[in-house]
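# Architecture at a glance
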Amino acid sequence: MAQVTTQSGATEITYRDAVREAIRDALGRDKTVFLMGDDVGRYAGCYALSMGLQAAFGPERNGVTALSDSGVTGAGVGSRMPGAQRIVEL
C-alpha cells in the first residue's frame, strides 16, 4: 500500500489503495462478503484494485465474472436477495 506522510503529519493514500483496504476490511469482518468482477482473482482486476485479496481470502470469495457490466451488476443484486453480501467491481 502506497502511503505518504505529509509535513503536517497527515497520511495520504491513493484512492485505489483506500478502496482495496475497505474491501479487505469487509471481507475480513463478514464471511458472507464476496468480491465479484472482471479478472478480480488472479489478475487483480483492470486497475489492480483487488491485488492480494485472492491470496488472502481464497478464490471462493473472489469470483471472476464474464465481461458484462450489466450481467455482473444483476448477479450482485440478485445474490443479495437470499442474504449474501456482494461487492461488484466493474
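Structural data are supplied above this passage.
Residues numbered from 1 in each chain as written. Predicted model: local features only at pLDDT ≥ 70, side-chain atom pairs only at ≥ 80, totals over all residues. Heavy atoms only, no water.

Turning our attention to the overall build of the protein chain. Looking only at helices and strands, the protein chain features 3 helices and 5 strands. For the protein chain, the succession of helices and strands along the chain, N to C, is β-β-α-β-α-β-α-β. Residues counted as buried form 32% of the 90 residues belonging to the protein chain. A fraction of 61% describes how many contacts in the protein chain between residues 6 or more apart in sequence connect residues 24 or more apart. Surface exposure of the protein chain reaches about 5,700 Å², of which carbon and sulfur atoms provide 57%. (Helix = DSSP H or I, 4+ residues; strand = E, 2+ residues; numbered from the N terminus. Buried < 20%, exposed > 50% of the residue type's maximum accessible area, 1.4 Å probe, protein only. Contact = heavy atoms within 4.5 Å. Areas by Shrake-Rupley, 256 points an atom, 1.4 Å probe, with all protein chains shown as cover.)

Enumeration according to the criterion identifies 3 salt bridges in this entry. Note that Arg24 is salt-bridged to Glu21, the shortest N-O span being 3.5 Å. Highlighted residues: Arg24 and Glu21, both in helix 1 (residues 15-29), separated by 3 residues, approximately one helical turn. According to the relative accessible area criterion, Arg24 is partly exposed, its value standing at 26%. For Glu21, a relative accessible area of 27% gives the class partly exposed. (Salt bridge = Lys/Arg side-chain N within 4 Å of Asp/Glu carboxyl O.)

The next point concerns helix 3 (residues 69-80). A rise of 1.5 Å per residue sets the reference length of helix 3, with its 12 residues, at 16 Å; its end C-alpha atoms lie 17 Å apart and thus fit the reference within 8%. Taken residue by residue, helix 3 has Val72, Gly76 and Ser79 as its buried positions. Burial along helix 3 is one-sided: seen end-on, the buried residues are contained in an arc of 75 degrees. When the buried face of helix 3 is taken as reference, the exposed residues oriented beyond 90 degrees from it are Ser70 and Val77. Considering only its buried residues, helix 3 is in contact with strand 3 (33-37) and strand 5 (85-89). (Expected span 1.5 Å × (residues − 1). Arc of directions from axis to C-beta.)

No statement about biological role is implied by the geometric values presented.
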